[in-house]
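# Descriptive structure summary
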Amino acid sequence: MDALIWTYNPASFIPHEIWGGQPEAPHCDVLIGTQAPPDSHHQVLINLATETPEFFSSFERLLEIVDPAHPEPSRQRYQYYKDRGYPLETHKI
């Protein structure tokens, strides 16, 4: 993801940093990582993993990307959120 952000479009840049749970505060709004974020970063989580992140409920919004070649993990996560009463929306892009 880090490499894609750097090379996506030379005319634009998204300030970001790799987050590994380090004690110092991040310097930008976009973090890439697998660790729970600091208290300052709980607006939107984009989940690219096949599992439900343990800390997802601390975010205002969660976006799940579905791999059409392997949809079953996404279906399981969808059911997990639905069973717990989260409001769900789907968007075909």
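So, a few notes on the structure that sits alongside this text.

Reading guide: rules and limits
- Residues numbered from 1 in each chain as written.
- Predicted model: local features only at pLDDT ≥ 70, side-chain atom pairs only at ≥ 80, totals over all residues.
- Heavy atoms only, no water.
- 1 Å grid on protein atoms, 1.4 Å probe; cavity = no way out; pocket = protein on both sides within 12 Å on 5 of 7 lines; lining within 4 Å.
- Points joined across faces, edges and corners; volume = space filled by probe spheres on them.
- Helix = DSSP H or I, 4+ residues; strand = E, 2+ residues; numbered from the N terminus.
- Nonpolar A, V, L, I, M, F, W, Y, C, P; charged D, E, K, R; others polar.
- Buried < 20%, exposed > 50% of the residue type's maximum accessible area, 1.4 Å probe, protein only.
- Polar contact = N/O pair within 3.5 Å; in protein donor to acceptor, adjacent residues only side chain to side chain.
- Contact = heavy atoms within 4.5 Å.

If you roll a probe as big as a water molecule over the atoms, it shows you where there is empty space left. Roughly 1,100 Å³ of internal volume is contained in the largest pocket. Around the largest pocket sit 24 residues that line it, and Leu62, Leu63, Glu64, Glu89 and Thr90 are the ones nearest its centre. Elements represented by at least two residues in the lining of the largest pocket include exactly strand 4 (61-64) and helix 2 (72-83). Among the elements that make up the lining of the largest pocket, the one with the highest residue count is helix 2 (five residues). Its residues assigned to classes, the lining of the largest pocket shows 13 nonpolar, four polar and seven charged. Its boundaries defined by the atoms lining it, the second largest pocket holds a volume of some 860 Å³. What lines the second largest pocket is a set of 27 residues, and nearest its centre among them are Leu31, Ile32, Val44, Leu45 and Ile46. Taken together, the residues that form the lining of the second largest pocket break down as 16 nonpolar, nine polar and two charged.

Here His42 shows up in the loop between strand 2 (30-33) and strand 3 (44-47). Of the residues examined, His42 reaches a relative accessible area of 17% and is grouped as buried. A distance of 3.1 Å separates a polar atom in the side chain of His42 from the backbone oxygen of Pro38. Of note is the side chain of His42, whose polar atom sits 3.0 Å from the side chain of Ser58. Those residues in contact with His42 that lie beyond four places of it in its chain are Pro37, Ser58, Phe59 and Glu60.

Taken by themselves, the reported measurements are silent on function.
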